[in-house]
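What the coordinates show
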Amino acid sequence: CYLSWLCRCYIMSGEPSLAWETYIRLDTTNESFNLLHLIANDCYKMGHFYYACKAFDVLERLDPDPEFWEGKRGAAIGVFQRAVAGKLGGEVDKLQEVVNILRSTSNPK
């Protein structure tokens, strides 16, 4: 519960990378899956599409629920939109990583 609120605070205060690092440090458990779900959805809501895409990618690999594919695809479009708008700053490499994430998906769509 504490880690969920901590990650939510990180995301809402514009530090999604800290939330992602918190998830990375966890062992794979039901709690880490729930935390990953929270990170994916909260990052998406707050416009942190790169971390939302990464989180939805891991979720989709763990559970092939179509909702996770849709979230990953929407987040990837958000990253692309930010790149086109020039809002990625020095993070253009993130766009390439997102393209690689989409290419490596097992979803046939």
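The structure contained in this document is the topic of the report that follows.

Take the nonpolar core next. With 25 residues, the main nonpolar core has W20 and I39 as its most contacted residues. Mapped by element, the contributors of at least two residues to this core are α1 (2–12), α2 (16–24), α3 (30–46), α4 (49–62), α5 (66–84) and α6 (92–103). Ranked by residues supplied to this core, first place goes to α4 with 8 residues. Beyond its immediate sequence surroundings of up to four residues, I39 is in contact with C7, I11, A19, W20, Y23 and A55.

One can describe the packing of α1 onto α2 by two numbers: an axis separation of 7 Å at closest approach and a directional angle of 155°. By the angle class used here, α1 and α2 are roughly antiparallel. In terms of crossing hand, the pair formed by α1 and α2 is left-handed. When α1 is examined against α2, the residues L3, C7, Y10 and I11 are found in contact with a partner set consisting of P16, L18, A19 and T22.

This brings us to the pattern of salt bridges. Counted under the stated rule, the structure contains 7 salt bridges. Among the ionic pairs, K54 bridges to E97, the shortest N-O distance being 3.8 Å. Of the two residues, K54 is situated in helix α4 and E97 in helix α6; the sequence distance between them amounts to 43 residues. Here E97 falls in the partly exposed class, since its relative accessible area comes to 30%. In this structure, R73 engages E70 in a salt bridge whose closest nitrogen and oxygen atoms are separated by 2.8 Å. Of the two residues, R73 and E70 are both situated in helix α5; the distance of 3 residues between them amounts to about one turn of the helix.

If you trace the backbone, S4 turns up in helix α1. A relative accessible area of 27% places S4 in the partly exposed class. Discounting chain neighbours no more than four positions away, the residues touching S4 are L35 and L38.

Rules used in this analysis
- Residues numbered from 1 in each chain as written.
- Predicted model: local features only at pLDDT ≥ 70, side-chain atom pairs only at ≥ 80, totals over all residues.
- Heavy atoms only, no water.
- Core = buried A, V, L, I, M, F, W, Y, C linked by side-chain atoms within 4.5 Å.
- Buried < 20%, exposed > 50% of the residue type's maximum accessible area, 1.4 Å probe, protein only.
- Helix = DSSP H or I, 4+ residues; strand = E, 2+ residues; numbered from the N terminus.
- Contact = heavy atoms within 4.5 Å.
- Axes fitted to C-alpha atoms, helices over the stretch in contact; angles between N-to-C directions.
- Parallel < 35°, antiparallel > 145°, perpendicular 65-115°, else oblique.
- Left-handed = near helix turned anticlockwise from the far one by under 90°.
- Salt bridge = Lys/Arg side-chain N within 4 Å of Asp/Glu carboxyl O.

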